[in-house]
Amino acid sequence: MSAKPNPAEAIFLAAADIADPAGRAALLDERCAGDAELRRRIELLLKAHDAPDSLLDQPVPTAEEMPTRAMPVEQSDSTQAYGRTVEDDEELDALAFLAPPGRPDSLGRIGQYDVLEVLGKGAFGIVFRAFDDKLQRVVAVKVLAPSLATTSPARKRFLREARSSAAIRHENVVQVHDVHEQPLPHLVMEFIPGETLQQRLDRTGPLDAAEVVRIGRQIAEGLAAAHATGLIHRDIKPSNILVDSGPAATVKITDFGLARAADDASLTRSGVVAGTPMYMAPEQAKGEALDHRADLFSLGSVMYVMATGRPPFRASSTFAVLKRVAEDAPRPMREIIPEVPEWLARIVEKLHAKDADERFQSAREVSDVLADCEAQLKASSKLMDYSRIPNSEIRRSARIGRKWKWVAVAVIAVVLVSVAAARLIPSVSRFIDNRAELAFDLSDPDFERAIVYSGEDVVADVDLRTPATIPLVPGSFKLEVRIRENRDLQEWQYNRYGLNHGSSAEPLLNSNTTYRLDVVRGERVVYTAKLKPPVPVVASDGWVSLFNGKDLNNWEQFPADGWKIENGLLVSNGISSSISCRKPLFGDGICRLEYKLVGKATGSFNLRSWKSKRGGAVFLGIGNKGEKTGDITTWDQQSGTRIIAQANADVHRGDEWQVAEAMLRGNEMIVKIDGVETARHTFADIPARGNVGLHATAGVKMYVRKLEIKELPAEEPGWSPLFNGKDLTGWKTHPEQPGGWTVENGVLVGRKPSGYLFSERGDYGDFHLRAEVKINAAGNSGLGFRSEYGFNFDIRQKGGNGFCPIGYETELAVKGAAGTTFPTGSVYRNPRVWDPKAGSVRPKSDEVKADQWITLEVIARGDRFTILVDGKTVVDFTDPTPIARAGHLNLQVLTPTTVVQFRKIEIKELPVATAQPVPDPEIVKALEAKLAAAETALAKAEARFRAAAAPKTEVLAHELAVIDVKIELADEQKRYADMVKLAEQAVTKHGDQRDMLAVLVKLGRIPSSDLNRADAAIADAKLRLAKAKKKLSEAKP
Amino acid sequence: MAEISRLIDAAAAGDRRAAGELLPLVYDELRAIAAARMAQERPGQTLDATALVHEAYLRLIGDQAFANRGHFFAAAAEAMRRILVDAARRKKRERHGGGRERVDLPDVPARDPDERLLALDEALTRLANEDELAAKVVELRQFAGQGHEAIAETLGITVYLARQKWTYARAWLRDAMTS
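Remarks on the confidence of the model for chain A
Residue and element names in this part refer to chain A.
So, point 1. Mean pLDDT over chain A stands at 73; residues scoring 70 or higher make up 72%.
So, point 2. Highest mean pLDDT in chain A belongs to helix α10 (residues 293-308) (93); lowest belongs to helix α15 (residues 406-421) (23).
So, point 3. Scored below 50 in pLDDT, residues 796-802 shows 9 contacts in the model against residues more than four places distant or in partner chains.

Section: helix α18 (residues 952-972) of chain A
Residues and elements named next belong to chain A.
So, point 1. Across its 21 residues, α18 extends 31 Å between first and last C-alpha, which sits within 8% of the 30 Å expected from 1.5 Å per residue.
So, point 2. Among all positions in α18, only Thr-953, Val-955, Leu-956, Glu-959, Leu-960, Val-962, Ile-963, Val-965, Ile-967, Leu-969, Ala-970 and Glu-972 are buried.
So, point 3. Buried residues along α18 sit in contact with α17 (921-946), α19 (976-1002) and α20 (1009-1035).
So, point 4. In the segment just after α18, Lys-974 is the residue with positive phi, at about 60°.

What to know about the sheet that holds strand β21 (residues 577-586) of chain A
All names here are of chain A.
So, point 1. An order of β18-β21-β30-β23-β24-β25-β26 is seen for the 7 strands of this open sheet, with the pairing classed as antiparallel. Edge positions in the open sheet fall to β18 (555-558) and β26 (640-645), since each of these has one partner strand only. Strand-to-strand twist across the sheet, computed as the mean angle between neighbouring axes with direction ignored, equals 25°.
So, point 2. In this structure, strand β25 (residues 632-636) lies alongside β26, joined through 5 bridges in antiparallel fashion. The partner of Thr-633 across the bridge, within β26, is Ile-643.

Overview of the environment of Ala813(A)
All names here are of chain A.
So, point 1. With respect to the helices and strands, Ala-813 occurs in strand β37 (residues 807-813).
So, point 2. By relative accessible area, Ala-813 is classed as buried at 1%.
So, point 3. The sequence separation of Ala-813 and Ile-775 amounts to 38 residues, and the corresponding C-alpha distance is 6.6 Å.

Looking at the side chain of Thr810(A)
Residues and elements named next belong to chain A.
So, point 1. Tracing the backbone shows Thr-810 in strand β37.
So, point 2. For Thr-810, the side chain forms a polar contact with the main-chain oxygen of Gly-825, separated by 3.4 Å.
So, point 3. Among the polar contacts listed, one links the side chain of Thr-810 to the backbone oxygen of Ser-826, at a separation of 3.2 Å.
So, point 4. With near-sequence residues (within four places) excluded, Thr-810 lies in contact with Gly-782, Leu-783, Phe-785, Gly-825, Ser-826, Val-827, Leu-856, Val-858 and Ile-867.

Quick word on the pattern of salt bridges
Residue and element names in this part refer to chain B.
So, point 1. Inspection of every chain in the model, using the stated rule, returns 53 salt bridges over all chains.
So, point 2. Here Asp-121 and Arg-81 are joined by a salt bridge, their closest N and O atoms 2.7 Å apart. Of this pair, Asp-121 sits in helix α5 (residues 113-130) while Arg-81 sits in helix α4 (residues 69-96), placing them 40 residues apart in sequence.
So, point 3. With relative accessibility at 13%, the residue Asp-121 sits in the buried group.
So, point 4. The class for Arg-81 is buried, based on a relative accessible area of 15%.
So, point 5. Put simply, Glu-139 and Arg-81 hold a salt bridge, and the shortest N to O gap is 2.9 Å. On the criterion of sequence distance, the pair formed by Glu-139 in helix α6 (residues 132-144) and Arg-81 in helix α4 is long-range, its members being 58 residues apart. Of the two residues, Glu-139 and Arg-81, neither departs from the other in class, the shared state being buried.

Notes on the packing of aromatic side chains
All names here are of chain A.
So, point 1. Enumeration according to the criterion identifies 9 aromatic pairs over all chains in this entry.
So, point 2. Centroid distance Phe-297 to Phe-313: 5.9 Å. Interplanar angle 15°. Geometry classified as stacked. Highlighted residues: Phe-297 in helix α10 and Phe-313 in the loop between α10 and α11 (318-327), separated in sequence by 16 residues.
So, point 3. Measuring from centroid to centroid gives 6.1 Å for Phe-767 and Phe-785, while their planes differ by 80°, and the two rings are edge-to-face. You can see Phe-767 sitting in strand β35 (residues 767-775) and its partner Phe-785 sitting in strand β36 (residues 780-787), a full 18 residues away along the chain.
So, point 4. You can call Phe-767 buried: its relative accessible area is 0%.
So, point 5. Classification of Phe-785 by relative accessible area gives buried; the value is 0%.

What about the nonpolar core?
Side chains that are nonpolar tend, in soluble globular proteins, to be buried together.
So, point 1. Ranked by size, the top nonpolar core spans 71 residues in total, and within it Phe12(A), Ile42(A), Val26(B), Leu30(B), Phe72(B) and Leu173(B) carry the most contacts.
So, point 2. For Ile42(A), the contacting residues outside a window of four places in its chain are Ala8(A), Ile11(A), Phe12(A), Leu28(A) and Cys32(A).

Observations regarding unusual backbone geometry
All names here are of chain A.
So, point 1. With omega at 0°, the peptide bond leading from Lys-752 into Pro-753 counts as cis.
So, point 2. One non-glycine residue, Asn-567, lies in the positive phi region at around 50°.
So, point 3. Mapped onto the secondary structure, Asn-567 falls in the loop between β19 (563-566) and β20 (569-572).
So, point 4. Residue Asn-567 is classed as exposed on the basis of its relative accessible area, which comes to 79%.
So, point 5. Positive phi, close to 60°, is recorded for Lys-974, a residue that is not glycine.
So, point 6. Assignment of secondary structure puts Lys-974 in the loop between α18 and α19.
So, point 7. The exposure class of Lys-974 is partly exposed, given its relative accessible area of 26%.

Notes on the packing of helix α1 (residues 7-16) of chain A against helix α2 (residues 21-32) of chain A
Residue and element names in this part refer to chain A.
So, point 1. One can describe the packing of α1 onto α2 by two numbers: an axis separation of 9 Å at closest approach and a directional angle of 160°. Of the possible angle classes, the one that applies to α1 and α2 is roughly antiparallel. Read as a crossing pair, α1 and α2 show a hand that is right-handed. Contacts between α1 and α2 pair Ala-10, Ile-11, Ala-14, Ala-15 and Ala-16 from the former with Arg-24, Leu-27, Leu-28, Arg-31 and Cys-32 from the latter.
So, point 2. Among the residues making up the contact of α1 with α2, the classes are represented as 8 nonpolar, no polar and 2 charged.

Rules of the game
- Residues numbered from 1 in each chain as written.
- Chains lettered and ligands numbered in written order.
- Predicted model: local features only at pLDDT ≥ 70, side-chain atom pairs only at ≥ 80, totals over all residues.
- Heavy atoms only, no water.
- pLDDT = per-residue confidence, 0-100.
- Helix = DSSP H or I, 4+ residues; strand = E, 2+ residues; numbered from the N terminus.
- Contact = heavy atoms within 4.5 Å.
- Expected span 1.5 Å × (residues − 1).
- Buried < 20%, exposed > 50% of the residue type's maximum accessible area, 1.4 Å probe, protein only.
- Pairing = 2+ DSSP bridges.
- Axes fitted to C-alpha atoms, helices over the stretch in contact; angles between N-to-C directions.
- Polar contact = N/O pair within 3.5 Å; in protein donor to acceptor, adjacent residues only side chain to side chain.
- Salt bridge = Lys/Arg side-chain N within 4 Å of Asp/Glu carboxyl O.
- Phe/Tyr/Trp six-rings, centres within 6.5 Å; stacked < 30°, edge-to-face > 60°.
- Core = buried A, V, L, I, M, F, W, Y, C linked by side-chain atoms within 4.5 Å.
- Parallel < 35°, antiparallel > 145°, perpendicular 65-115°, else oblique.
- Left-handed = near helix turned anticlockwise from the far one by under 90°.
- Nonpolar A, V, L, I, M, F, W, Y, C, P; charged D, E, K, R; others polar.

Put into structure tokens, the structure is as follows:
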């Protein structure tokens, strides 16, 4: 294929770009130079170019509408003030300023408004969709972030400017209905269904000239109305422009004057993100006085991004952006997108004059010019009359700004960069002469290596632990990122796919997966990932401290300034606020909090919250609904905080340090306050793992000096502990041979005198026993099983009858210790009648060292005994002359020099193998008939499908019906391996079916609620698969 | 599904035979969906080519990340073009065949979408002789609903060139179909 344009094509393309006929004619004169045939040909093409064509001009959807679940495009502008997604509803916890809801679908009330949904959050606060029950209409409510609300100048300015913006009534400005000060400053606006211009651009890419003019004109008109009341917007940018989803696609400006309020706050409080400076005017960037013409410069930038797909002033840091805004001319639009008409470029250039005096002087003037263009485009699809288009004589030379003013701005800029940069890895940092530079953020230590492929060729292989950029030309590349091995992939994947990822076939992320990275003109980054904090260090005793006393890097809080660090303590700021620790997640274990509550209000200690799903919480303080310290509570959107297990004692001590401990194992939670158990509860449903967090209500000061967790291995089903870590419950010493048994720091220690500790139960037959045990070098101990608790033996007596309890014993001694003939793991047979040749079995290896914890396991099944040391089988023998089929367990201290320690002893009793049930022939026969019928129906459906008389979905439904019967049949015939395979097929097919339905939903053929049924069917199929697997594993010997 | 992924990967790696085998597979799938659709819909309704191609994509590839999906669309666009043109020819035959319902129509071929489609197909074949790349751009755009960016990716050209080719091809085709 030839990519080189032929001469006619090249001249045609050049001419098509020129809108005015005279210019075209001049170009043809020059380029066709006497070749009449060529010129005639090009004129025909131009005529065709200018004419509409019903077939060729059908709007085609872009590829972005394709399902690209595995290639999410995250929005790079995280400061959207009116975004439509909420990535993390953890914050709902903190919406404590809301009063109880007035209707069932409401999250709560603020004033006369029932909050229905969180629309988005930005630098200023949260935007809700709400219902005004006085006027019975849906509104948008924007609540100023508490962190800003507490700054007096910001609060005052917010209220003042919001009130004056309420005075603007214009079609292109979001109408502010009302402004309230309590409980937090909030404004009530008309609700506009639709999307922001930013979202629109992210979705569609650059817009054509007519659309740029249409939207630009409406923004200019909105600005004109605002400027007429003396109000300057100060933050015109795509995310502050809403595009109504209605047929007219009306454009509306939102957030008048809010930028100012945020600026005030960020100047006085560090770390508050004020938003992107990419659309700022030079006078704003330099910190100079500004007037309404600053908005016109920003309008120019918005038009620029609409036409080209990229903001005009971009640079690698916020500071550099500000510098470019103030000093550089943006790259000519027509260099980026040659189709941008010259006249549009000139209008934007005039708006972009560094000197406000050289710009259009009013928004009205801009809207008039654009309205004129719009009318001309409508009439003849191109511009004929250039009389209102500015000349392109704006000086492009850089003006030298007053550099010293930069210092103040630069300080904020650096703060902003460190906040924002942590969010993007990697990012295409800039485009220079058609080349992109791919930069990697190095603040995430979990990334080790990046490899970029073009086709199969490696273009770059970069070590991410040192600074790196990769130059790339536009094109498609594959990016492979290697992640450190023990990274929590599940969590990372979560962040990549977002909350609403409900796929039946979840793509798994691993460090060897390849991701696609598209580098295209106009900057579109397909691949982004979030920073994850480093993993806290696990102390040698297993406790992991979640709070380091220094910073909150590993914490997420809402609102942003709800918690801070004071003198090494974590302190709530006296406003209702939540904070949660990102990592590690908490599963089975103990979580310990040392806290102090000052003041009357309350808090809670949250465990295993996982995004929208709540775990359990320990209530702290005395609540106004009867809640008290030590209660187990939970939270949901319907009922808010709910007590699910009441504390059995009053243990609250205000103004004093207290220790709250929560132990979770599976679904069971046990709460202790200052070492005293207050409540326990078994949840019906709780996330298996989740974040640990804290919540403090308004008015209270909560201090935390320590927050730590200790993971316990998940309990395996069927195992029961034989030693509780506290006392000898379940055990008894032998009256004649007691031995010296104590519990010290949770460890069971056996010392002299010699003797035995017997299990109270004496009916352990077939079992799997597991003990963590440590023996000293001079010690000799043992673990007896199937033992008789009697008086016919004497431990002190060597040799002869009665040396040991009748039964079996596995030796526990280091090789070479006094009195030891055989090492750890050996099995002694102690029959009723002493027999010197009774025999014992020696292990294959005897590598057990003194004073080290080892795991000793005994599996007794019938007459077969298997001994494992640290997971390795050391003895496996079958007793030809069995001594006992059941009995006690016992622990032994043989010699006076013995010190033996057990820290865990647990047992799983094994079911006695029973005969396999036989399939019922009647049922099998019935199922076989049913299967035949289903198969016939399927064949018919397939035939109908082939004849195009039935949709594929119908065939699939029949296929599923056949599989269902086959599963039943396999179940009845005890063919569990087949059953698992069939159940797997069913899961896949249900997934296919859902995909197909999704297409139909997309095409509007069926309601989206049909997908819920498909999802339910998938869940059902998965459940059946799990059941089949369980049957298979139980059936296996 | 595995088979088609393998073929697409092979085609992406430059295996011409794999590209050849891909087309009938995609064609069969598309025709089956189109037939099912036609059966569900009122007669005379036109097919939404883009939706069909996307549905075929979901059915053949699924929603997994697939680096070389451009090759799928290249095959799908060609297959879709054939299906639509065949359908238009068939309808035309049915209408004019046998003279059973012969009606004297005023000479307005441009009004008939089927005629227009056949004219486009013919013009496109001629354009391909002169500028194969331009013809491919049109095929992907008109028959697989691809935007400039996706076209650029499929054909391994820049978005800019894709736009240029489209502008040229559009004028060329319009001229060819009207003159």
